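Inside the fold
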Amino acid sequence: MTRTHHAAPTFQLRLALARDVVIGPGKAELLEAIERTGSISAAGRSLRMSYKKAWQLIDTMNGHFPQPLVATQAGGHERGGAHLTALGRRVLTHYRALERTLSPEASPEARALIELLESGDSSLESDTALDPP
């Protein structure tokens, strides 16, 4: 069950492993915010997320990939901060590309599913022409 509310049908891409979502919409937004702000706390604030929650999401992502997606440097306001590693930028780039590929605007299959959901046509129940080969 999703914790978000959607007024219209939407697809949300998630890569899951074991009991974790390795990357999904919220984690991708967090990575983008870290890249934009250079700070985990600022990224969390921009997403209305606590620092602790942001760190939990980063820890989950970093724990599943062979190298961290986010690197941090201690040192306070002047020297500290966070940034995406090369792997973090690659993961984010691939995730966003997959989102675009699977979007209803780009995918006839995604469009068809949404149209079926919105049609409310009960006569489609017996239509085998829509079934894949």
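In the block above lies the structure referred to throughout.
Below: a short report on this structure. Small disclaimer: the values here were computed from a predicted structure and weren't measured.

1. Some details on the pairing of strand E4 (residues 81-84)
Judged by which residues are buried, E4 turns out to be one-sided: Ala82 and Leu84 face inward and are buried, whereas Gly81 and His83, on the alternate face, are not. Bridge analysis of strand E3 (residues 70-73) against E4 gives four bridges, and the strand direction is antiparallel. Residue pairing in the sheet places threonine 72 in a bridge with alanine 82 of E4.

2. Considerations on the side chain of arginine 96
Here arginine 96 lies in helix H5 (residues 86-101). On the accessibility criterion, arginine 96 (18% relative accessible area) is buried.

3. Some words on the environment of threonine 37
Among the secondary structure elements, threonine 37 is positioned in helix H1 (residues 25-37). When the C-alpha atoms of threonine 37 and histidine 83 are compared, they prove to be 8.7 Å apart, with 46 residues separating the residues in sequence. Only 3.0 Å separates the side chain of threonine 37 from the backbone oxygen of serine 39, close enough to count as a polar contact.

4. Describing the pairing of strand E2 (residues 20-23)
Two strands pair when backbone bridges link them, and strand E1 (residues 15-17) and E2 are joined in this way by three bridges, in the antiparallel orientation. Counterpart to alanine 16 in the pairing with E2 is valine 21. In this structure, the hairpin formed by E1 and E2 is closed by a connection of two residues, where alanine 18 is found at a positive phi of approximately 55°.

5. Focus on a nonpolar patch on the surface
On the surface, Phe11, Leu113 and Leu116 cluster together into a nonpolar patch covering about 280 Å² of accessible area. Its location among the elements puts phenylalanine 11 in the segment before E1. Judged by relative accessible area, which is 41%, phenylalanine 11 ranks as partly exposed.

Criteria and thresholds
Residues numbered from 1 in each chain as written. Predicted model: local features only at pLDDT ≥ 70, side-chain atom pairs only at ≥ 80, totals over all residues. Heavy atoms only, no water. Buried < 20%, exposed > 50% of the residue type's maximum accessible area, 1.4 Å probe, protein only. Helix = DSSP H or I, 4+ residues; strand = E, 2+ residues; numbered from the N terminus. Pairing = 2+ DSSP bridges. Polar contact = N/O pair within 3.5 Å; in protein donor to acceptor, adjacent residues only side chain to side chain. Patch = residues over 30% accessible without salt bridge, like charges linked within 9 Å, V, L, I, M, F, W, Y side chains within 5 Å. Areas by Shrake-Rupley, 256 points an atom, 1.4 Å probe, with all protein chains shown as cover. Salt bridge = Lys/Arg side-chain N within 4 Å of Asp/Glu carboxyl O.

Functional significance is not addressed by these values, which are geometric in nature.
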